[in-house]
Amino acid sequence: DKTKASWTLLTSPFEGVNTGVLECMAKGIRPLVHYYPFSEKIYPKDMLWHSIDDLKEMLQKPIESERWRALVEEKFNIRTMGKEYCTLFEQLLSQ
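Conventions we followed
Residues numbered from 1 in each chain as written. Predicted model: local features only at pLDDT ≥ 70, side-chain atom pairs only at ≥ 80, totals over all residues. Heavy atoms only, no water. Pairing = 2+ DSSP bridges. Helix = DSSP H or I, 4+ residues; strand = E, 2+ residues; numbered from the N terminus. Contact = heavy atoms within 4.5 Å. Axes fitted to C-alpha atoms, helices over the stretch in contact; angles between N-to-C directions. Phe/Tyr/Trp six-rings, centres within 6.5 Å; stacked < 30°, edge-to-face > 60°.

Draft legend 1. Summary view of the sheet that holds strand S3 (residues 48–49). An order of S1-S2-S3 is seen for the three strands of this open sheet, with the pairing classed as parallel. In this open sheet, the two strands that pair with only one neighbour each are strand S1 (7–10) and S3. Summarising the sheet, S1 and strand S2 (residues 30–34) pair through four bridges and their orientation is parallel. Within S2, the residue paired with tryptophan 7 across the bridge is arginine 30. The strands touched by helix H2 (residues 52–60) within the sheet are S1, S2 and S3, with S2 carrying the most contacts at an inclination of about 170°.

Draft legend 2. View of the packing of aromatic side chains. Overall, the coordinates contain one aromatic pair when judged by the stated rule. Their ring planes at 25° and their centres at 6.2 Å tell us that tyrosine 85 and phenylalanine 89 sit as a pair that is stacked. A residue pair is termed a helical-turn pair when its members lie 3 or 4 positions apart in one helix, as tyrosine 85 and phenylalanine 89 do in helix H4 (residues 78–93) at four residues.

This is the structure:
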């Protein structure tokens, strides 16, 4: 398929959990995420870039499609996310 992407670039310095990035990761597409506050709590540090030089270096690394797919399946599946949301809501309601 000539239209298959090999990477996705998130340039926003202010994000949350970006579903577009997660969807790409689930397809095995390399995530290149601009660092923003707390992004390291969502993505592994080796997926984050601070500068263009970081970005260039990341593009030289091997593609790890299976790792990215596994991360989405493990950390962002509906059960895990549902539990985290419920915990957050309970904490907010108890304040």
